[in-house]
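Survey of secondary and tertiary structure
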Amino acid sequence: MRQDTYFVPKRTGTYADVLVAYGLATLLDRLAGQARGGFARPRITIVDAGPYYEIRLSEPVRAEEVPDGLFFYSPAPFLTNRRTSADDVPPDTPTRDVEATREQVRAYQEMRSALRGEGIRGSELEGQLRDQEPPDDWAVVVFLGDGRMQALDAYNRIVAGWAWSRDRVAEHVQTILRLFSTPEGDEEALRAWEKGARKALPKVRETASQLLNPHQGKGLNEPKANALRIDNVKDRPWLEELLKTWGIWACLIPRRVVDTGDWKAYVPAPLRMDWRAHREVMARFRRYLWDERRGDETSLKSDITSLLLFVRAWLDYVEAAGQDDAAFDADVTALAPEKVVAGFHVAQFKLLSRNAYTMVNMSFLHLPQWTGTPRSRADVLALKEVIDEHLAVIRGIDETRSDGYNLLRDYRDFVAGNNWGAFFEFAAGYGHEILRRHNEGARWVPTFSPSQLGRLIMAANKPLLPIIQNEGFQNVAYAIRHSTVIPQSRKARRQDTLYEVRYGLGAELKRKATVRDEFVAALCDFMQSYNQENVQKLENTEKQMRRDLRTTDIEEVVRLVDEYGPEVVASLLIAYGYAREPREAETETNQQEV
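Predicted model only: the values in this text are computed from it and were never measured.

Attention shifts here to the overall build of the protein. Along the protein, the regular secondary structure elements total 24 helices and 12 strands. Residues classed as buried in the protein amount to 54% of the 594 residues present. Counting every atom, the protein has about 26800 Å² of accessible surface; 47% of that belongs to carbon and sulfur.

Now the structure itself:
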């Protein structure tokens with residue numbers, strides 16, 4: 001029977017299942033390339049069908065069609081190092097040298113650092129730098145080749161088995177296709193294969209390594225951390241482990257946490273991902289991560305930037321797909337990144353002893369749910385601007401400080417969990433961060449802009465739109481801005497501030513927001529003192545650099561408080577009040593100064 005759908009059960013609920021799915025997609029793609037050539041491959045789509053992943057093909061294949069004598073190079077390379085002998089390397093297998101890759105990365109980093117600020121764009125030096133750039137999967141080589149991961153021997157043994165059993169490759173492939181031909185699997189086919197393959201392979205079942213099977217690491221098999229066990233480290237069929245090694249190169253992204261030395265492995269969980277689109281997006285994503293290497297890839301920041309940069313890579317792919325606006329309307333749901341990828345499986349490996357990493361934590365980070373549904377190229381460009389603004393804010397936060405850690409934790413809860421309460425906590429805390437950094441002499445601190453905050457709310461939290469579009473709300477946010485971040489920024493740049501900085505304003509409004517009447521009273525006190533300061537400065541200096549508030553402004557804000565609650569309105573006022581000045585308002589302020 002010809003088959004156009006294969007099934008990968010979610011047996012573990014970890015990235016091990018995803019590795020198998022992408023490994024199987026790699027196999028089907030290679031089979032199609034062997035049979036039809038590179039330009040005639042069928043379309044392959046990986047779909048989350050609940051209890052299993054479906055690998056769907058536009059043209060069916062069947063195990064009986066696999067030709068005898070089939071062989072192709074392993075999609076996963078054999079990794080060598082200084083201890084590898086020539087006899088260890090299997091024939092007809094691509095290889096990657098771990099030490100040479102590390103040296104290439106080091107040399108490229110030094111060259112790029114030396115040329116930074118030299119204005120090389122468009123010059124011959126730019127081409128030379130590009131020629132020295134390591135391949136985009138260099139981090140996988142370094143990750144697998146880290147001896148303390150204790151994964152290289154098992155990985156190489158699995159990869160080498162493909163070439164050492166070359167005369168049985170057709171049988172391997174036929175068994176794999178039968179094994180995943182139904183959701184239940186064909187265990188009888190697997191047992192029959194094991195009997196015949198024992199003479200060709202060193203092991204037909206591999207010990208489950210923590211790299212390929214993070215749920216089976218030693219000491220991590222109890223619901224509570226009250227025991228250490230190794231009896232759950234079960235052997236897995238070599239065929240399944242082989243698919244996982246292939247899947248590593250298709251979808252696993254390792255990142256090094258510089259402050260702790262941990263490794264974090266990120267694997268995207270597909271919802272409905274086209275195979276070709278996946279490969280293009282992953283190439284862009286890896287390049288973004290390379291550019292992200294700033295020496296401060298701390299744990300929380302690594303999680304956040306991985307999510308944001310993947311979304312940006314997907315939006316780049318959508319923009320570059322050559323679709324006009326009419327094509328956007330054809331299948332708009334397929335263009336939103338959260339509709340194609342659910343998020344990232346994350347495993348953290350910590351160096352608990354001098355010579356061995358141990359998998360200490362597994363988690364799942366959902367992709368941001370606030371990108372909305374882009375319906376035009378303009379929408380895509382606007383979303384990319386939102387992503388870039390958030391990345392600039394996050395990059396400037398120091399996770400090693402307690403307040404920085406708390407800020408990033410709140411933001412991760414927002415970006416990975418669609419928790420708007422966490423975003424408001426972040427916005428309130430970041431307002432204090434802005435003032436602190438300006439007070440310490442920073443001339444520029446990245447901040448959110450009202451327009452981008454509006455886009456974000458429009459895409460993901462439309463019920464809040466009437467608040468931020470209200471004129472009274474906007475005027476009060478303007479007053480907060482010109483009482484906090486604007487004068488503090490001018491002070492840091494040694495410009496005439498004219499007005500005093502109200503350092504605790506955001507914290508006071510947030511504290512009072514738990515009780516409606518107290519919040520309204522605090523807001524009225526602020527508005528009264530704000531207008532009074534304007535009058536005094538105008539009388540004393542004959543200057544006024546900011547607008548007065550009107551009685552209608554407080555009336556409109558009070559009406560919003562009664563409709564939406566004081567905490568929501570206060571949170572939005574703080575977020576908008578500590579945002580940077582809109583461009584048109586900056587122009588107006590400058591004109592007033594003159």
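This paragraph deals with the sheet that holds strand S3 (residues 52–61). If you trace the 4 strands from one edge of the open sheet to the other, you get S1-S3-S2-S10, paired in antiparallel fashion. Every interior strand has two partners, whereas the edge strands, strand S1 (3–9) and strand S10 (272–274), have only one. Adjacent strand axes in the sheet meet at a mean angle of 20 degrees, parallel and antiparallel pairs treated alike. Bridge count for strand S2 (residues 44–48) against S3 is 5 bridges, and the pairing is antiparallel.

Turning our eyes to something else, we now look at the packing of aromatic side chains. Enumeration over the complete set of coordinates arrives at 32 aromatic pairs. Relative to phenylalanine 344, the ring of phenylalanine 285 has its centre 5.9 Å away and its plane inclined at 25 degrees; by these criteria the two rings are stacked. With a gap of 59 residues between them, phenylalanine 285 in helix H9 (residues 275–291) and phenylalanine 344 in strand S11 (residues 341–353) connect regions that are remote in the sequence. With respect to burial, phenylalanine 285 and phenylalanine 344 carry one shared label: buried. Taken together through their ring pairs, the aromatic side chains of Trp370, Tyr411, Phe414, Trp420, Phe423, Phe424, Phe426, Tyr430 and Phe448 make up a single cluster. For the cation-ring pair, arginine 166 lies above phenylalanine 71, with the distance from its terminal atom to the ring centre recorded as 4.0 Å. Directly above the ring of tyrosine 499 sits arginine 546, whose terminal nitrogen or CZ lies 3.7 Å from the centroid.

Bringing the side chain of threonine 484 into the picture now. Inspection of the secondary structure assignment puts threonine 484 in the loop between helix H18 (471–481) and helix H19 (485–492). For threonine 484, the side chain forms a polar contact with the main-chain oxygen of isoleucine 480, separated by 2.7 Å.

Next up on the list: the sheet that holds strand S9 (residues 263–270). Sheet architecture is open: 4 strands sit in the order S8-S9-S11-S12, paired in antiparallel fashion. Taken across any chain shown, the strands that pair with only one partner, and hence form the sheet edges, are strand S8 (253–256) and strand S12 (356–366). Each neighbouring strand pair of the sheet contributes to a mean axis angle of 25 degrees, computed without reference to strand direction. Taken together, the 8 bridges between S9 and S11 define a ladder with antiparallel strand orientation.

Attention now moves to the nonpolar core. Core analysis: the largest hydrophobic core is formed by 172 residues, its most contacted members being Leu24, Leu28, Ile55, Phe349 and Leu573. For this core, the element with the most residues is helix H10 (residues 299–320), which contributes 12 residues. Phenylalanine 349 has contacts with Tyr15, Phe143, Met149, Gln210, Asp262, Trp263, Ala265, Tyr357, Thr358 and Met359, leaving out every residue within four places of it along the chain.

In this section: the pairing of S3. Here S1 runs beside S3; their pairing, made up of 6 bridges, is antiparallel. By the bridge assignment for S3, threonine 5 is matched with arginine 56. With antiparallel pairing between neighbouring strands as the criterion, S2 and S3 make up a hairpin whose turn holds 3 residues, including glycine 50 at a positive phi of roughly 95 degrees.

Time to look at the pattern of salt bridges. A complete count under the given rule lists 40 salt bridges for this structure. As a salt-bridge pair, arginine 96 and aspartate 137 come within 2.9 Å of each other at their nearest N and O atoms. Of this pair, arginine 96 sits in strand S5 (residues 95–97) while aspartate 137 is found in the loop between helix H3 (124–131) and helix H4 (138–145), placing the two residues 41 residues apart along the sequence. Among the salt bridges present, the one from glutamate 440 reaches arginine 436, with a minimum N-O distance of 3.0 Å.

What follows covers the pairing of S12. Alignment of S11 against S12, held across 10 bridges, turns out to be antiparallel. Residue pairing across strands places phenylalanine 349 opposite methionine 359, the latter belonging to S12. Remark: 2 residues form the turn of the hairpin made by S11 and S12, two consecutive strands paired antiparallel.

Moving on, we get to helix H6 (residues 169–179). Extensive coverage of H6 is indicated by the burial of 9 of its 11 residues. Among the residues making up H6, those that are buried are Val169, Ala170, His172, Val173, Gln174, Thr175, Ile176, Leu177 and Leu179.

Here leucine 190 lies in helix H7 (residues 187–197). Accessibility expressed as a relative area gives 4% for leucine 190, which makes it buried. C-alpha of leucine 190 to C-alpha of leucine 239: the two residues are 49 residues apart in sequence and 8.9 Å apart in space. Excluding its chain neighbours within four sequence positions, the residues that come into contact with leucine 190 are Thr175, Leu179, Arg205, Pro237 and Leu239.

This next bit is on helix H22 (residues 551–564). Taking 1.5 Å of rise per residue, 14 residues should cover 20 Å, and H22 covers 20 Å from first to last C-alpha, within 8% of that figure. Those residues of H22 that sit buried are Asp553, Ile554, Val557, Val558, Leu560 and Val561. Taken around the axis of H22, the buried residues stretch over an arc of 160 degrees, which confines them to a single face. Facing away from the buried side of H22, by more than 90 degrees, are the exposed residues Thr551, Glu555, Asp562 and Glu563. Its buried side turned inward, H22 meets helix H17 (465–468), H18, helix H21 (516–541) and helix H23 (566–577). One or two steps after H22, the chain reaches glycine 565, where phi turns positive at roughly 100 degrees.

The topology assignment puts arginine 580 in the loop between H23 and helix H24 (583–593). Every residue in contact with arginine 580, bar those within four places of it in the chain, is listed here: Glu389, Thr447, Phe448, Ser449, Pro450 and Arg481. For arginine 580, the side chain forms a polar contact with the side chain of glutamate 389, separated by 3.1 Å.

So, on to the side chain of aspartate 137. Judged by its relative accessible area of 14%, aspartate 137 is buried. Every residue in contact with aspartate 137, bar those within four places of it in the chain, is listed here: Arg96, Trp249 and Arg286.

Residues with a pLDDT of 70 or more make up 89% of the protein, whose mean pLDDT is 87. For the stretch residues 219–232, pLDDT sits under 50, and the model shows 16 contacts to residues farther than four places along the chain or on other chains. In the model, residues 584–594 has pLDDT below 50 throughout and makes 10 contacts with residues more than four positions away in sequence or in other chains.

What counts and how
Residues numbered from 1 in each chain as written. Predicted model: local features only at pLDDT ≥ 70, side-chain atom pairs only at ≥ 80, totals over all residues. Heavy atoms only, no water. Helix = DSSP H or I, 4+ residues; strand = E, 2+ residues; numbered from the N terminus. Buried < 20%, exposed > 50% of the residue type's maximum accessible area, 1.4 Å probe, protein only. Areas by Shrake-Rupley, 256 points an atom, 1.4 Å probe, with all protein chains shown as cover. Pairing = 2+ DSSP bridges. Axes fitted to C-alpha atoms, helices over the stretch in contact; angles between N-to-C directions. Phe/Tyr/Trp six-rings, centres within 6.5 Å; stacked < 30°, edge-to-face > 60°. Lys NZ or Arg CZ within 6 Å of the ring centre and 35° of its normal. Polar contact = N/O pair within 3.5 Å; in protein donor to acceptor, adjacent residues only side chain to side chain. Core = buried A, V, L, I, M, F, W, Y, C linked by side-chain atoms within 4.5 Å. Contact = heavy atoms within 4.5 Å. Salt bridge = Lys/Arg side-chain N within 4 Å of Asp/Glu carboxyl O. Expected span 1.5 Å × (residues − 1). Arc of directions from axis to C-beta. pLDDT = per-residue confidence, 0-100.

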